Amino acid sequence: MDLRRLLAVLMVAVLVQLGFVCLAYGNFIFKVQHKFAGRERTLAALKAHDAHRHRRILSAVDLPLGGNGSPTVAGLYFAKIGLGNPPKDYYVQVDTGSDILWVNCVNCDKCPTKSGLGVKLTLYDPQSSASATNVYCDDAFCAATYNGVIQGCTKDLPCQYSLVYGDGSASAGFFVRDNLQFERVTGNLETAPANGSVVFGCGAKQLGELGTSSEALDGILGFGQANSSMISQLAAAGKVKRTFSHCLDNVNGGGIFAIGEVVSPKVNTTPMVANKPHYNVVMKEIEVGGDVLELPTDIFSDGDQRGTIIDSGTTLAYLPETVYELMMAKIVAQQPGLELHTVEEQFTCFQYSGNVDDGFPDVKFHFVDSLTLSAYPHDYLFQIREDVWCIGWQNSGLQSKDGRDMTLLGDLVLSNKLVLYDIENQAIGWTEYNCSSTIKVRDQSSGSVYSVGAHNVSAASRLISGRSVTFLLLVFAVFYKFS
């Protein structure tokens, strides 16, 4: 039995356990906000978010799920999208670590009705949408998702989905096909309303933290590699390339999220690790202050290990214990008189009144094909109060029994860089960039090049570092290929 068949059997089994028996051409944008918008975060809140996310990442790798990833507890960023006819607004988590777009539906069991994030939750009702249609088990989408028609498929049997996570949370329901409303890019920094038909999940039951209200949203918008993801659906229809980029600005707030070929700036890439449910690459070495760390040769092995996960949904950066200890020793060695203490029983902090960029070393991660990712002291050090700084590097060995082999780079090192995910060519790349400016993306049909700009909904909220980054408007620019 291959992995996809096994996945289908597992998903059907879980459904039983849970009790569930024409695109518009153009470019589109979604407004995206930070989940902690308007709220001051503690160090513990950051760590708790990442800990929940990592349990799901580790679970997805360990389960025989093939190329299907699993969504997180709550992504750092969420978008407002429109679904149905007439359209209604839904707030969904933006996640590069999952595949399916799904929202909570009417008559849902244990779906949240209120959110602590300050957004109004809405239950999707297929019966109230004039454009909604059911997706049955013999539908081409369902067959592609399960690598064939599911055993026992009969006429009028809905195509069902189920997602189960390592922390015990679960989401289950059925697929529907309906209109997705977005803002179409019509020229340089210009948009107009448009919509397209997509298949997404209609959530009928939630278990665990997905049913709580503290960080609840209407659903999840996955940008993974599987056939069920929105970007893969658009690509299968010949309307878009399976390539997207994001640029998150943690200095001025705001950012860009574009789907399509980026013309400017130029981005160099490194190959993805094959057959992984997440976006993994191969790290070769780490340089701290100009010196390469002396590490075991197999510490970043891409064999049976996970490689290095690139994940914009994680706040900090997590390294194997051996790497973490050597890096920390090298960083603090430049300040021999530094007095280290622990804050909230998990963060290494110290008092320092000078310019951190002058007093601490740069860290450079080197990958296959000579691609380098740099993290500067102002990136990996967080100022929690005047003259008190904490170090953002974390020991992944403390996250779980499997965490010792995990290398995961989150927003700590990905911010202020244009990060490119080229699924078609199985490559990931990045370049340092001013994320408050614009990028240029090519329209595949006409060859025209359009500017896509950064937006900032608000710069009033604070991150623990004191930088105003919590409200974002990420721009999605999709460039369709006309047939």
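Everything in this summary refers to the structure shown in the same document. (Residues numbered from 1 in each chain as written. Predicted model: local features only at pLDDT ≥ 70, side-chain atom pairs only at ≥ 80, totals over all residues. Heavy atoms only, no water.)

**Quick look at the nonpolar core**
- Within the largest apolar cluster, 81 residues are counted, with the highest numbers of intra-cluster contacts made by Tyr 124, Ile 286, Met 327, Val 363, Phe 365 and Trp 393.
- Not counting the four nearest positions on each side in its chain, Ile 286 is found in contact with Asp 291, Val 292, Leu 293, Phe 300, Val 323, Met 327, Val 363, Lys 364 and Phe 365.
- Ranked by size, the runner-up nonpolar core spans 15 residues in total, among them Ile 100, Trp 102, Ile 150 and Tyr 161. (Core = buried A, V, L, I, M, F, W, Y, C linked by side-chain atoms within 4.5 Å. Buried < 20%, exposed > 50% of the residue type's maximum accessible area, 1.4 Å probe, protein only. Contact = heavy atoms within 4.5 Å.)

**A word on the sheet that holds strand β15 (residues 280–281)**
- Spatially, the five strands line up as an open sheet ordered β15-β18-β27-β19-β26, and their pairing is mixed. Strands at the two margins of the open sheet, each flanked by one partner only, are β15 and β26 (393–395).
- With respect to the sheet, helix α5 (residues 321–332) is in contact with β19 (317–319) and β26, its orientation differing from that of β26 by roughly 140°. (Pairing = 2+ DSSP bridges. Helix = DSSP H or I, 4+ residues; strand = E, 2+ residues; numbered from the N terminus. Axes fitted to C-alpha atoms, helices over the stretch in contact; angles between N-to-C directions.)

**Overview of the sheet that holds strand β23 (residues 371–375)**
- Pairing is antiparallel in the open sheet, where four strands are placed in the order β17-β16-β22-β23. Each end of this open sheet is capped by a strand with a single partner; those strands are β17 (291–292) and β23.
- By the bridge criterion, five bridges tie strand β22 (residues 363–367) to β23 in an arrangement that is antiparallel. By the bridge assignment for β23, Phe 365 is matched with Leu 373.
- Sheet strands in contact with α5 are β16 (283–288), β17 and β22, and its direction is about 25° off that of β16.

**Some words on α5**
- The first and last C-alpha atoms of α5 sit 17 Å apart over twelve residues, in line with the 16 Å expected at 1.5 Å per residue.
- What α5 keeps buried is the set Val 323, Tyr 324, Met 327, Met 328, Ile 331 and Val 332. The arc enclosing the buried residues of α5, seen along the axis, measures out at 140°, which places them on a common side. (Expected span 1.5 Å × (residues − 1). Arc of directions from axis to C-beta.)

**A few points about the state of the cysteines**
- Taken as a whole and judged by the stated rule, the model has six disulfides.
- The disulfide that involves Cys 137 links it to Cys 153, with 1.9 Å between the sulfurs. Across the S-S bond linking Cys 137 and Cys 153, the dihedral sits near 85°, which makes this disulfide right-handed. Here Cys 137, found in the loop between β6 (133–134) and α3 (140–145), pairs with Cys 153, found in the loop between α3 and β7 (160–164); they are 16 residues apart in sequence, far enough to count as distant.
- Taking the relative accessible area as the measure of exposure, Cys 137 reaches 2% and is therefore buried.
- Disulfide partner of Cys 247: Cys 435, at an S-S distance of 1.9 Å. Given an S-S torsion of about -75°, the disulfide between Cys 247 and Cys 435 has left-handed geometry. A residue pair is termed long-range when its members are at least 10 positions apart, and Cys 247 in strand β11 (residues 243–248) and Cys 435 in the loop between β29 (427–432) and β30 (438–442) qualify at 188 residues.
- Residue classification places Cys 247 among the buried residues on the basis of a relative accessible area of 0%.
- Residue Cys 435 is classed as buried on the basis of its relative accessible area, which comes to 1%.
- Cysteine pairing for the chain, with bonded cysteines counted in sequence order: 1-8, 2-3, 4-6, 5-7, 9-12, 10-11. (Disulfide = S-S within 2.5 Å.)

**A look at the packing of aromatic side chains**
- Across all of its chains, the model carries 15 aromatic pairs by this definition.
- Seen from their ring centres, Phe 244 and Tyr 279 are 6.1 Å apart, and the 75° between their planes marks the pair as edge-to-face. Within this pair, whereas Phe 244 is found in strand β11, its partner Tyr 279 is found in the loop between β14 (269–271) and β15, the two being separated by 35 residues in sequence.
- By relative accessible area, Phe 244 is classed as buried at 0%.
- Judged by relative accessible area, Tyr 279 falls into the buried class, the value being 1%.
- Residues Phe 365 and Trp 393 carry aromatic rings whose centres are separated by 5.7 Å and whose planes lie at 65° to one another, so their mutual orientation is edge-to-face. Highlighted residues: Phe 365 in strand β22 and Trp 393 in strand β26, separated in sequence by 28 residues.
- Looking at Phe 365, the relative accessible area reads 0%, which means it is buried. (Phe/Tyr/Trp six-rings, centres within 6.5 Å; stacked < 30°, edge-to-face > 60°.)

**Examining unusual backbone geometry**
- Pro 86 follows Asn 85 through a cis peptide bond whose omega is 0°.
- When you line up the elements, Pro 86 lands in the loop between β3 (77–83) and β4 (88–95).
- A cis amide bond links Ser 264 with the next residue in sequence, Pro 265, at an omega value of 10°.
- Of note, Pro 265 is situated in the loop between β13 (261–264) and β14.
- One non-glycine residue, Asp 369, lies in positive phi territory at about 70°.
- Assignment of secondary structure puts Asp 369 in the loop between β22 and β23.

**Section: the pattern of salt bridges**
- Evaluation of the coordinates by the stated rule reveals four salt bridges.
- Residues Asp 109 and Lys 205 are paired through a salt bridge, measuring 3.9 Å at the closest nitrogen-oxygen approach. Of this pair, Asp 109 sits in strand β5 (residues 102–109) while Lys 205 sits in strand β9 (residues 190–207), and the two are 96 residues apart along the sequence.
- Residue classification places Asp 109 among the partly exposed positions, given a relative accessible area of 34%. (Salt bridge = Lys/Arg side-chain N within 4 Å of Asp/Glu carboxyl O.)

**Topic: the environment of Gly 173**
- On the secondary structure map, Gly 173 appears in strand β8 (residues 170–187).
- Judged by relative accessible area, Gly 173 falls into the buried class, the value being 2%.

**Things to note about the side chain of Asn 416**
- Position of Asn 416 relative to the elements: it lies in the loop between α8 (411–414) and β28 (417–422).
- Filtering out sequence-adjacent residues up to four positions away, Asn 416 remains in contact with Leu 248, Asp 249, Asn 250, Val 251, Asp 379, Glu 432, Tyr 433 and Cys 435.

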